[in-house]
Amino acid sequence: MAKQNTENHTRLRQIRVPDDEWTAFGAYVGDRERTRVLREFMRWYLRWPGAAHPEPPRAKETIHPPGTDAN
């Protein structure tokens, strides 16, 4: 089996996120945009030059945490 060329790829990282938070986050940024937004946040948090705080999109409705009176 050929060795995969990983020079142009970032390593896969795993994080633990509750399902309700992951789903709500995907609803705001889009299922295929989570990684991009998390990377933007990390660059801003690390204060890397040129990094800007990612702006949350305007949602059609606010998604409240489970167990709050706003649900």
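An account of the accompanying structure is given in this report. (Residues numbered from 1 in each chain as written. Predicted model: local features only at pLDDT ≥ 70, side-chain atom pairs only at ≥ 80, totals over all residues. Heavy atoms only, no water.)

Some points on the overall build of the protein
Inference 1: When helices and strands are counted, the protein shows two helices and zero strands.
Inference 2: In the protein, buried positions account for 8% of the 71 residues.
Inference 3: Across the protein, the fraction of contacts at a sequence separation of at least 24, relative to all contacts at a separation of at least 6, is 30%.
Inference 4: For the protein, the exposed area adds up to about 7300 Å²; of that, 51% sits on carbon and sulfur atoms. (Helix = DSSP H or I, 4+ residues; strand = E, 2+ residues; numbered from the N terminus. Buried < 20%, exposed > 50% of the residue type's maximum accessible area, 1.4 Å probe, protein only. Contact = heavy atoms within 4.5 Å. Areas by Shrake-Rupley, 256 points an atom, 1.4 Å probe, with all protein chains shown as cover.)

Describing the pattern of salt bridges
Inference 1: Inspection of every chain in the model, using the stated rule, returns three salt bridges.
Inference 2: Residues arginine 34 and aspartate 31 are paired through a salt bridge, measuring 3.2 Å at the closest nitrogen-oxygen approach.
Inference 3: Relative accessible area serves as the criterion here: at 11%, arginine 34 is assigned to the buried category.
Inference 4: Because the salt bridges share partners, they merge into one network encompassing Glu33, Arg36 and Glu40. (Salt bridge = Lys/Arg side-chain N within 4 Å of Asp/Glu carboxyl O.)

So, the environment of proline 56
Inference 1: Structurally, the position occupied by proline 56 is in the segment after α2 (34-45).
Inference 2: In this structure proline 56 comes out as exposed when scored by relative accessible area, which is 61%.
Inference 3: Between the C-alpha atom of proline 56 and that of tyrosine 28, which follows or precedes it by 28 residues, the distance is 7.6 Å.

Some details on the packing of helix α1 (residues 19-29) against α2
Think of two packed helices as two axes; the pair is described by the angle between the axes and how far apart they sit.
Inference 1: In the contact formed by α1 and α2, the axes pass within 10 Å of each other and the chain directions differ by 95 degrees. Considering their axes alone, α1 and α2 lie roughly perpendicular with respect to each other. Where α1 approaches α2, its residues Trp22, Thr23, Phe25, Gly26 and Val29 are matched on the opposing element by Arg34, Val37 and Leu38.
Inference 2: Tallied by class, the residues present in the contact of α1 with α2 amount to five nonpolar, two polar and one charged. (Axes fitted to C-alpha atoms, helices over the stretch in contact; angles between N-to-C directions. Parallel < 35°, antiparallel > 145°, perpendicular 65-115°, else oblique. Nonpolar A, V, L, I, M, F, W, Y, C, P; charged D, E, K, R; others polar.)

Quick look at a nonpolar patch on the surface
Inference 1: A cluster of nonpolar side chains, Phe41, Met42, Trp44, Tyr45, Leu46 and Trp48, forms an exposed patch at the surface whose accessible area comes to about 680 Å².
Inference 2: Note on placement: tryptophan 44 falls in helix α2.
Inference 3: Note on tryptophan 44: relative accessible area 33%, which makes it partly exposed. (Patch = residues over 30% accessible without salt bridge, like charges linked within 9 Å, V, L, I, M, F, W, Y side chains within 5 Å.)

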